[in-house]
Amino acid sequence: MEAERKAEIPSPKEQLIPAGSNLLKAVFLLFMLLASFYLTQRGVEYLEQYAINPWIKWTFIALAAIWNGVLMLGMGALAHDAVHKVLFRSLFWNEFWGGLLSALTLIPFHANRQFHLAHHSHAHQPGLDPENEMHNHSFLVAALAGPFIGLLVQYRLFARNVLRSNETRFSARAILDAVFVSAAGLIYFLLVPALGMSLHNTVIPMLLLFPAVFTWRALSDHYGIPPLSRELKNRAEISEADEEEWHRESIQRRQEISGWVVITHPWLEWLWSHVNYHEVHHKYPYLSHQYLPQVFEATRDQHPYLVVNGYWKSLLNLSRQKYYAEPEVLTGQERTKPQ
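None of these values were measured; they are calculated from a predicted model.

Criteria and thresholds
Residues numbered from 1 in each chain as written. Predicted model: local features only at pLDDT ≥ 70, side-chain atom pairs only at ≥ 80, totals over all residues. Heavy atoms only, no water. Helix = DSSP H or I, 4+ residues; strand = E, 2+ residues; numbered from the N terminus. Buried < 20%, exposed > 50% of the residue type's maximum accessible area, 1.4 Å probe, protein only. Core = buried A, V, L, I, M, F, W, Y, C linked by side-chain atoms within 4.5 Å. Contact = heavy atoms within 4.5 Å. Arc of directions from axis to C-beta. Salt bridge = Lys/Arg side-chain N within 4 Å of Asp/Glu carboxyl O. pLDDT = per-residue confidence, 0-100.

Along its length, the protein chain carries 15 helices and two strands. Relative to its 339 residues, the protein chain shows a buried fraction of 55%.

See the structure below:
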């Protein structure tokens, strides 16, 4: 049994990175987004031509914008693998696609890596986890303001890197982030209009509604779980992670609960690159997303997990809780019990 588990949980060097399928998905998502913009534009023109009630037109635009936000989030999930350097084995292609996909979700890639690696080192620890700023609020405030606070934090890190001009590694990352964000801006605000699609029907509604789509998923990562405490009491600035970093405190991390596992539809699981297995990712942060479902099945009797069926049910549960929940709040939650 132990040998079988080891086979299902490869080491960082043993895992197979699905570079081909990751590339196809990245291209597919970008193509689908542009195709969705085109169909949205044609749909709006049809509704305007036949003088149908304008509320129908704006409802159509809003629904299309939500779907486009779902596609954007798919890009962000792939960029998340790039943050962990498991999108491609090639560092160049990992950083290129990670930078572009991240920028298309409005996030500067290298600043996000600094933010995200610090989050992993201090996951759900009050005063240390950088996600505190986003979600350590009442449910309503976290839902409405969390995405904007998170965006502000990312660009604050980006600005700090710009100002560290005497430190080459940080200034170089700031330059790369600026290049990728500019490229995303050209795609959204020059290419889309050049292809005959109105920004007011496509890009702008998507950007306005994307925070709601982001919240719908992101609140189910860590919200409503008791705080954790580890030996490290000061936040460490981390700009890179290697095998040694991922194995630090790994035994303790795998016996803790800092996040949720959300059982969702297979198509959404694929589209969002298994980010719904968020707690599995925190226990094994070096793994490519393709391994997360099988690792969950292999370890659910070995490690503790909090499990919820669907994002809507998750949000309903979380709406009655605080970000750092009291331990007794979890008594009625579905959870795996290590044997």
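What follows is about the nonpolar core. Ranked by internal contacts, the top residues of the largest apolar core, which has 53 residues, are Phe37, Leu101, Tyr188 and Trp272. Among the elements that make up this core, the one with the highest residue count is helix 3 (residues 54-83) (nine residues). With sequence-adjacent residues up to four places away left out, Leu101 is seen in contact with Ala26, Met75, Leu78, Ala79 and Leu87. Grouped together as the second largest cluster of nonpolar side chains are 13 residues, Ile9, Tyr277, Leu292 and Val307 included.

This part covers the environment of Leu209. With respect to the secondary-structure elements, Leu209 resides in helix 9 (residues 203-222). According to the relative accessible area criterion, Leu209 is partly exposed, its value standing at 30%. Between the alpha carbons of Leu209 and Asn68 there is a distance of 9.3 Å; along the sequence they are 141 residues apart. Apart from the residues within four sequence positions on either side, Leu209 is in contact with Ala62, Ala65 and Ile66.

Within helix 15 (residues 311-318) the residues assigned to the buried category are Tyr311, Ser314, Leu315, Asn317 and Leu318. Down the axis of helix 15, the sector holding all buried residues measures 160°, keeping them to one side. Looking at the buried positions of helix 15, the neighbouring elements they touch are helix 7 (139-163), helix 9, strand 1 (260-263), helix 12 (266-271) and strand 2 (306-309).

It is worth spelling out the pattern of salt bridges at this point. Scanning all chains against the criterion turns up nine salt bridges. Of the charged contacts in the structure, one is a salt bridge between Glu45 and Arg42, with a shortest N-O distance of 2.7 Å. With Glu45 and Arg42 both in helix 2 (residues 19-49) and three residues apart, the pair spans about one turn of that helix. Across the salt bridge formed by Arg300 and Glu297, the nearest N and O atoms sit 3.4 Å from each other. Here Arg300 falls in the partly exposed class, since its relative accessible area comes to 25%.

With 89% of its residues at a pLDDT of 70 or more, the protein chain has an overall mean of 89. The secondary-structure element of the protein chain with the lowest mean pLDDT is helix 1 (residues 2-8), recorded at 53, while helix 4 (residues 91-104) shows the highest, at 97.

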